[in-house]
Each structure stands twice: as structure tokens, then as C-alpha cells.
Amino acid sequence: MPNSSDQTPPASSAEETIAAIATPPGPGGIGVIRISGPLSLQIFQKLFLPRHQTKPQDYENRRMYYGWIVDPESGSPVDEVLAVFMRAPNTYTREDVVEIQCHGSYLVLQEILSKITASGARLAQPGEFTKRAFLNGRLDLTQAEAVVELIEAKTDEARSMAVGQLQGRLYEKISSIQEKLVAMRAIIEVAIDFPEDETDILDPAALKQQLKDEVKDPLIELIARADEGKIFREGISAVILGRPNVGKSSLLNTLLEEDRALVTPVPGTTRDTIEEFVNIKGMPVRIVDTAGIRHTTETVEEMGIQRARAKLADAELVLFMLDATAPLAVDDQALYNSVRQNSKKQKVLLVLNKIDIAPGASPEQYSAGLGGEPLVSISAKEHTGISELKDTVFSLIAGSRKGPGWDPGDAVVPNVRHKDALKKGLEACRRVEKGLETALSPDLLAIDLQSALGYLGDIVGETTAEDVLDMIFERFCIGK
Ligand code: GDP
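Residues numbered from 1 in each chain as written. Predicted model: local features only at pLDDT ≥ 70, side-chain atom pairs only at ≥ 80, totals over all residues. Heavy atoms only, no water.

1. Examining the environment of I192
Mapped onto the elements, I192 comes out in helix α6 (residues 169-193). For I192 and L444, which are 252 residues apart along the polypeptide, the C-alpha to C-alpha distance reads 9.9 Å. Ignoring sequence-local partners within four residues, the contact set of I192 consists of P442, D443 and A446. (Helix = DSSP H or I, 4+ residues; strand = E, 2+ residues; numbered from the N terminus. Contact = heavy atoms within 4.5 Å.)

2. Observations regarding the pairing of strand β4 (residues 64-70)
Note: strand β3 (residues 48-50) against β4, three bridges, orientation antiparallel. Bridged to L49 within β4 is W68. Both β4 and strand β5 (residues 77-86) contribute to a ladder of seven bridges, which runs antiparallel. Among the inter-strand pairings, W68 is bridged to a residue of β5, identified as E80. (Pairing = 2+ DSSP bridges.)

3. A short note on the environment of T23
Checked against the element boundaries, T23 lands in the loop between β1 (18-21) and β2 (28-36). Since its relative accessible area comes to 24%, T23 is described here as partly exposed. Residues T23 and G479, spaced 456 residues apart in sequence, show a C-alpha to C-alpha distance of 7.5 Å. Sequence-distant contacts of T23, that is, excluding residues within four places in its chain, are made with I30, G31, V32 and L109. Separated by 3.0 Å, the side chain of T23 and the backbone nitrogen of V32 make a polar contact. (Buried < 20%, exposed > 50% of the residue type's maximum accessible area, 1.4 Å probe, protein only. Polar contact = N/O pair within 3.5 Å; in protein donor to acceptor, adjacent residues only side chain to side chain.)

4. Notes on the sheet that holds β3
Read across the open sheet, the seven strands follow the order β3-β4-β5-β6-β2-β1-β7; overall the sheet is mixed. In this open sheet, the two strands that pair with only one neighbour each are β3 and β7 (122-123). Of the strand pairs in this sheet, β1 and β7 are connected by two bridges, and their pairing is parallel. Among the inter-strand pairings, A19 is bridged to a residue of β7, identified as L123. Sitting on the sheet, helix α2 (residues 106-118) touches β1, β2, β4, β5, β6 (97-104) and β7, and the angle it makes with β6 is about 150 degrees. This element, helix α3 (residues 128-135), spans β1, β2 and β7 of the sheet and lies at about 135 degrees to β1. (Axes fitted to C-alpha atoms, helices over the stretch in contact; angles between N-to-C directions.)

Structure below.
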């Protein structure tokens, strides 16, 4: 397990000392600055005036010190702080680390940071602390990725999946499959070394069965899990469509009042459309309300479809709203046809609204005219039918992929990158399987087994290419 903290010091600690503000911008009670690398303590001591005089050599590991950060030249005070020095290797990065807690003012944080960089540290890149933790062997790559996922989690389900991964569950699963492959490779290597005894050593049928049970089946299961995880991790995108006044904004508001997902505003959100995250049974659903782009003079074509076309193309789900107080209109059908012309694959859920005023509206009448799509009846105004709406959305999107009793907290859930490598690993195993069936020479079997091992190594970061690592750590925020 790479995440046990008390291990030998890293073989290749980075030369440079890095620093960053670890807390988000904007005022807060406390702000944290992190320094990591060989000069951490030295830089800190240059700027820190402890309340009780402490000689540089007397600073204790993991002890909180109270004092002031001061300008090293003039001695003028910058802020009153608490600070802790943590000695390598039992730290997040496995390097010497100092964390300074100051007041949560961006100006103070910037001022302290600039004094730290002027004293010999450089600004950290996004994710560089975690990258060092990975490079120094404290985390495997799946655990490093879990750190971002934990930070970005929008629902409890996504959070608990990330925690499981951070604990090393995926790592353990992959390692155990790797071990099985290594054992098989050992048999094949013996067969290579003793060709005259090959038939005694290598039982193709037994090996094939072993490959299936111990490697292929677990890989197939992990690949299926990746699809399940994706909907909780990344969520899905939905669009609310419908004629003017059917209740699109009212529905969005109702959903948000009940279950707004905890997210920070999405940068780049356009002024034309309103985008919000709603938490539907743990699945973050990004909903685009096209009502915001409506103008009273617009024709049906313009009514949303035109400017929402790009959003619509991205969306996995269309919540197609209808007004129960009026019969199905030509406009409804025209709008529906344009949705279907745009994409045949999208899931469409008809949402018959305002049943508080028209309780007798017959759902069949509407859905029959609209491709027989599934329909739920609601009143956005009175919050009726909303839980049925959520259940239906959930089963439309997740139902087919998610097995019964699936608990994101327990599940080992690979992400898209892992899935890609798992599929390639599975392909390599299929080649081994074919080779065993056709009595391929052990040398060639060994090549494919090795290639399967390589793909699994990419997942945990043993063999991952530098550019892939860069891409992974670029997703992090600065200071993590
Ligand atoms: P949009 O143009 O599709 O976004 O529709 P709005 O959400 O703005 O709603 C249009 C009108 O219908 C407003 O006056 C809402 O109060 C009303 N409305 C929306 N949903 C309901 C509902 O479920 N029942 C009733 N009685 N009125 C509704």
C-alpha cells in the first residue's frame, strides 16, 4: 500500500521548495499557506517571530507555534499567525512542509506568499503538492486522482466514491489483478525456459480458466462500474424545454428549492441560459433552463431550440414540458420533432405540468402524440409529482447501468481514464486467451500478458506517461 505514512524517506525528493495559498480566494476566518521542499523550515524561520523565543534548531516537528509573520528586513508585522513545521517523510508530500494559518484576507495571504517566494521558494503549480506526494510514493495515481474528485464532488455519493478511492480501494483491486497476471507470466516464463517440458508446465485449458476467473471477469466488472460511477462523479446534463408558460422556470425553481447540488458557480456560464446543478438521488444533474433565453415575439423554432441547440446537443436528457391545462398543441409537436431531429439517442421525459388545475388530463393523449415517450404528471407550483419525476429521471439515466444494491460508498469505481486502460488490458487478455486456444508460443503469450500488465500499471501510475500525469495534475487547484 503506498499510502502508509511511516515509510523510508523518498529516494528523489524535489530540489525546489514550492509555496501556495491553500484556501480559496475571498475573505474567510483563516487562510492557509503551504510550503513544501528542503528550504521550508529555513524560509519560515526567516519570516517568523515566535511569541516565545525559539532557536532555529529547537523547532519541533508537528508542533503548532504562535507568533507573527514579519518583514525580514524591516521587522514590520504582516499578520498574527499559527504555524506548524512537519518534517519529511511523514507529511503530505513526504518533504519538509510548513503550514501557516493567518487571517483569511487575500491581501495578507498574498503578502505572506510574496515574502516566502522572495526568500527562496517558487509558486507551486496546480496540484504540485499532490504530484510530489505521488512521485514520492505516498499516494498511487488513483489516490491522487481521488483527491481532485473529493474536492470536486457535488453529491454525497460522489464524495463517498472519492473517499473509497483515496483509501486505496481501486489501487488494491488493480494490484490484486496485477499479482494474478504476474503469477501467470511466471508459469509462461518457466515454459519459455524449459521448452522440452512445456506441455507439463503449461496447461492451456487451466491457464485460460484462470485468466478468465482471476483477470478477465474482474476487469469486465470494473469496466461496468466505470459507467455507473461516471453519472455520480461527473453528473449528467439535462435541458428543460417547452412552449412559453408551460412552467419551465417554475420546475427548475422547484427542483432547486428541494435539492440544489452544492456547487460553486460554473465559470463561463452564459448570460443567455441559466445553468444549475440539482441533486437527483445522488446524481448531479446540470439543468439548463432555456426559458431564460425566451423572447415573447419568438417563433417556435426560435423559442429555445435555436439558441439552446448547442446545449441540447450536449444534454443526455430532455425534460420536455407540457401544459395540462391545454391540449397537445402544434407547437409542442413541432418542438418535439426538432428535438428528435437533433438527436435520436437522447432520453426524453415528458413532464405534464399544472395538474393542480387540470387533474383530469390524460397522460396518454400527450405521449401518444409525442413518440410514446415516458411521461410524469406534476405540479411545479404545488410540488406534486416531483419525487416521481426524480425517480423516473434516475431510472432513465442510471437504472439500466446500476445493479441492485449498489452502494457508491463500497464500490470500486474507475474513472474514464481507468476505463480506457482497463479495456486495453482486457483486449490484451483476450489475445492471450486466443493464443492459449491456438497453442501460440509461450514467448508471444508473454508479450500480451506483459502488455496487459502495462495497462494496469498505467492506472496506478507505475508506468504512466509524463504527459498523462501532467494532464491529471493540471485539473487540481493551486495549493493542493
Ligand atoms: P416558462 O415560461 O415555461 O418558464 O413558465 P413559468 O415557469 O414562467 O410559468 C408560467 C406561468 O405558469 C407562471 O404564472 C407560473 O406561476 C405558472 N405555473 C407554472 N407551473 C405551474 C403549476 O404547476 N400550476 C399552476 N397552477 N401554475 C403554474
